[in-house]
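# Per-entry structural report
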Amino acid sequence: MKISNTFLVTAISAVLSAYGNGAAANEHQYGPDPELPEPHRGLLPDMTVPEPAEWGEQQPTVPDGYTITAIATDLKIPRQTLVLPNGDILVAEGSGGNAPLAKPKDVIAGYMKSKGSTSVKSGDRLTLLRDADEDGNYEEQTVFAKNLNAPYGLALIDNNLYVANQDSLVRFDYEEGQTQASGPPEEVTKLPSRINHHWTKAMTAGPDGRFLYVGIGSNSNITERGMEAEVNRAEIWQIDAQTGAHKPYATGLRNPTDLAFQPGTDQLWTVVNERDELGPHLVPDYLTTVQEGGFYGWPYSYWGEHVDPRVRPQKPEKVKSAIVPDYSLGSHVAPLGLDFSIPEMGDEFAEGVFIGEHGSWNRANPVGYKVVFIPFSDGRPSGDPVDFVTGFLSGDDKTRGRPVGVTVDPSGALIVADDVSHVVWRVAPKENQ
Amino acid sequence: MTATTHRNYRNALHPLHAVLLAGTIPLFLGALLSDYAYSSTYNIQWTLFASWLIAGGLVFAGLALLCAIIGLFRADRRRGRYLAYFVLLLVAWGAGFFNALVHARDAWGSMPTGLILSIVVTVLACAATWIGFSLRAGGKA
């Protein structure tokens, strides 16, 4: 029994002291072999939720030689974006989830987390942005489709635009140049939606154009809603785009929030949000290749075979089969966006991935709240994350924005959706402006 | 003699105070039994029950504690068994609050500490109720 007053005092002071509590010593948690301390959870979980603030005259910070522009404002919770062949940008807007309050804790934690997010109502729509004269200023903005249900994942295969709602995969007919859908969408298949604790349905199309891959997050942090709630959850599905037939492609991925194929290969990658309430340095969120049929640990273990003591019954045989992810992004950074870069992004950022980090709540000093670049060489991650877009978090416990989806525009720009300031940002090398 | 006996059996607690105090036992005991069920079946529903029952027990114990504080202002109750009752109830509430925080951990994270604390809280609630109901009016206890 861990009951002592010092314990309580430590937990409370950790909650109260937002910044600079000396945790910086152990912040190096990047790459293939992160330091993993022992699990630790005080009487109260560490919670620091920076409250939203206005940008005013300020803008996010980008590297020298790059510019950043807000190409769309006043959206209704922009999450993921898709660049269409003619350069138009589709933005999925909305918010989902219908998890009931299961414990008294949910009432309090829900209130605290809501302070760090938006009060805007779910858009449940797709907005199309167009820059007809290609000057980097998207002067045209139309509602492409509405009455969707918390749309998130977007993919285009030929003339079919696929949208992953929080409860179903739907298809629109699309013709180049369209600014509005020609009619309501057709359902391809239902997606698991009961409770939807993690509701985002990330999606990407396979290189052969036959399959779609959809990430389905777990229905809990760590099985606290029971194992029955986790059927068909914490998986990536492979879905036949024509028929809607589907199968689990990989399992044990707690919350795969974005997916991307490495250009020129058949290799699927994903970013995963790992479990909370095991301390500020556990569990690392990660970037990984996805092996077909692979099991990545959740809920029984993390980072390979590190058993999570909160799960009963335990499954040692599953733990033994758990794959170690490729690259740790650090604990609690909350990666929600992933895309591969192209040489047009500039020499320093030519090969690698961009990752949108929504930012932490479950640690005293916040991490994430930025877009990072992970350099690759020979097709594999080859260094520490490099800051690409920062300045969201200000020194006064406030955040002006939270990055979600990141999409590389083939013309040489990064499109970043921000679901707190309701802006879509475009970051480009100055010569591409 | 008969008259004295009659007076001795008048309880010192106001009926509302008594109802609130008595309510702590089924709530905390229910939490204890739910914790036991969770620890033996791993069925998550039981630990959810326990969390709410503890919250309910804290509401009842908290209101009973308020009544007891008001009672403390009556001069004849500032010593002896009334004080013991008050302290026991206070400790029961404190341990119950502690237990509520432990039960806020996800899934098996609340175990086995939660079960042990539920036993402690239930025993304390029973003891406080026992003494509370043994108090006699008129400060003769």
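Parameters at a glance
- Residues numbered from 1 in each chain as written.
- Chains lettered and ligands numbered in written order.
- Predicted model: local features only at pLDDT ≥ 70, side-chain atom pairs only at ≥ 80, totals over all residues.
- Helix = DSSP H or I, 4+ residues; strand = E, 2+ residues; numbered from the N terminus.
- Buried ≥ 20, exposed ≤ 12 C-beta atoms within 10 Å, placed from the backbone.
- Contact = placed C-beta atoms within 7 Å.
- Pairing = 2+ DSSP bridges.
- Axes fitted to C-alpha atoms, helices over the stretch in contact; angles between N-to-C directions.
- Nonpolar A, V, L, I, M, F, W, Y, C, P; charged D, E, K, R; others polar.
- Expected span 1.5 Å × (residues − 1).
- Core = buried A, V, L, I, M, F, W, Y, C linked by C-beta atoms within 7 Å.
- pLDDT = per-residue confidence, 0-100.
- Parallel < 35°, antiparallel > 145°, perpendicular 65-115°, else oblique.
- Left-handed = near helix turned anticlockwise from the far one by under 90°.

The subject of this paragraph is the overall build of chain A. Helix and strand counts for chain A come out as three helices and 29 strands. Counting only C-alpha atoms, chain A reaches 65 × 50 × 45 Å along its principal axes. Split into buried and exposed, the 433 residues of chain A put 50% on the buried side. Within chain A, counting contacts between residues at least 6 apart in sequence, those at least 24 apart form 61% of the total.

This part takes up the overall build of chain B. On a plain count of helices and strands, chain B comes out with five helices and zero strands. The linear arrangement of helices and strands in chain B, starting from the amino end, is α-α-α-α-α. Residues classed as buried in chain B amount to 42% of the 141 residues present. Put simply, of all contacts in chain B between residues at least 6 apart along the chain, 75% involve residues at least 24 apart.

Residues and elements named next belong to chain A. With antiparallel pairing, the four strands of this open sheet are ordered in space as β3-β4-β5-β6. Strands at the two margins of the open sheet, each flanked by one partner only, are β3 (78-83) and β6 (140-145). Between one strand axis and the next, the sheet turns through 25° on average, direction left out of account.

Contacts between the two partners involve 17 residues from chain B and, on the opposite side, 22 residues from chain A. For the side of chain B that touches chain A, the secondary-structure elements that each account for two or more residues are α3 (44-72), α4 (80-103) and α5 (113-134) of chain B. No other element matches the six residues that α3 of chain B contributes to the side of chain B that touches chain A. Along the lines of polarity and charge, the residues of the side of chain B that touches chain A split into eleven nonpolar, four polar and two charged.

The next subject is helix α2 (residues 15-41) of chain B. All names here are of chain B. The terminal C-alpha atoms of α2 lie 39 Å apart, and with 27 residues this matches the ideal 39 Å at 1.5 Å per residue to within 8%. Among the residues making up α2, those that are buried are His17, Leu20, Leu21, Thr24, Leu27, Phe28, Ala31, Leu32, Ser34, Asp35 and Tyr38. At its buried positions, α2 is contacted by α3, α4 and α5. Positive backbone phi, at 65°, marks Tyr42, one or two positions downstream of α2.

So, on to the nonpolar core. In this structure, Val91, Met203, Leu212, Val214, Ile355 and Val424 of chain A are the most contacted members of the largest nonpolar core, which totals 93 residues. In contact with Val214 of chain A, other than residues within four places in its own chain, are Gly153, Ala164, Leu169, Leu191, Lys201, Ala202, Met203, Ile236, Trp237 and Ile239 of chain A. Of all hydrophobic cores here, the second largest spans 34 residues; its members include Leu13, Ala50, Leu53 and Ala128 of chain B.

When glycine is set aside, most residues are seen to have a negative phi, and most peptide bonds are trans. With an omega of 0°, the peptide bond between Trp298 of chain A and Pro299 of chain A qualifies as cis. With respect to the secondary-structure elements, Pro299 of chain A resides in the loop between β17 (284-289) and β18 (301-302). A cis amide bond links Met111 of chain B to the next residue, Pro112 of chain B, at an omega of 0°. Secondary-structure assignment places Pro112 of chain B in the loop between α4 and α5.

Residue and element names in this part refer to chain B. Model confidence for chain B is summarised by a mean pLDDT of 88, while 85% of its residues fall at 70 or above. By mean pLDDT, helix α1 (residues 2-8) is the weakest element of chain B at 46, and α2 is the strongest at 97. Here the complex is predicted with pTM 0.90, and the ipTM for its interfaces comes to 0.84.

With that out of the way, let us pick up the sheet that holds strand β16 (residues 268-272) of chain A. Residues and elements named next belong to chain A. In spatial order, the strands read β15-β16-β17-β20; together these four strands make up an open sheet with antiparallel pairing. Only two strands of the sheet have a single partner each, and these edge strands are β15 (256-261) and β20 (327-331). Here the strands of the sheet are splayed against their neighbours by 15° on average, with no regard to which way each runs. Across five bridges, β15 lies against β16 in antiparallel orientation.

Now for the environment of Gly183 of chain A. Among the secondary structure elements, Gly183 of chain A is positioned in the loop between β9 (168-173) and β10 (186-190). Given 9 C-beta atoms within a 10 Å radius, Gly183 of chain A is considered exposed.

This part is about the packing of α2 of chain B against α3 of chain B. Residues and elements named next belong to chain B. Taken N-terminus to C-terminus, the directions of α2 and α3 make an angle of 160°; their axes are 8 Å apart at the nearest point. The orientation of α2 with respect to α3, classified from their angle, is roughly antiparallel. Between α2 and α3 the crossing geometry is left-handed.

All names here are of chain A. For strand β28 (residues 413-418), a buried count of six out of six residues is recorded, marking the element as mostly surrounded by other parts of the structure. Across the two faces of β28 the burial is the same, with Ala413, Ile415 and Ala417 and Leu414, Val416 and Asp418 all buried. The pairing of strand β27 (residues 403-409) with β28 spans five bridges and is classified as antiparallel. Each residue of the ladder has a partner; that of Pro403, found in β28, is Asp418. Counting the residues in the hairpin turn of β27 and β28 gives three residues, including Gly412, whose phi is positive at 100°. When β28 meets strand β29 (residues 423-429), the two strands line up antiparallel, connected through five bridges. Within β29, the position partnered with Asp418 by the bridge is Val423. Two successive antiparallel strands, β28 and β29, enclose a turn made up of four residues, where His422 displays a positive phi of approximately 60°.

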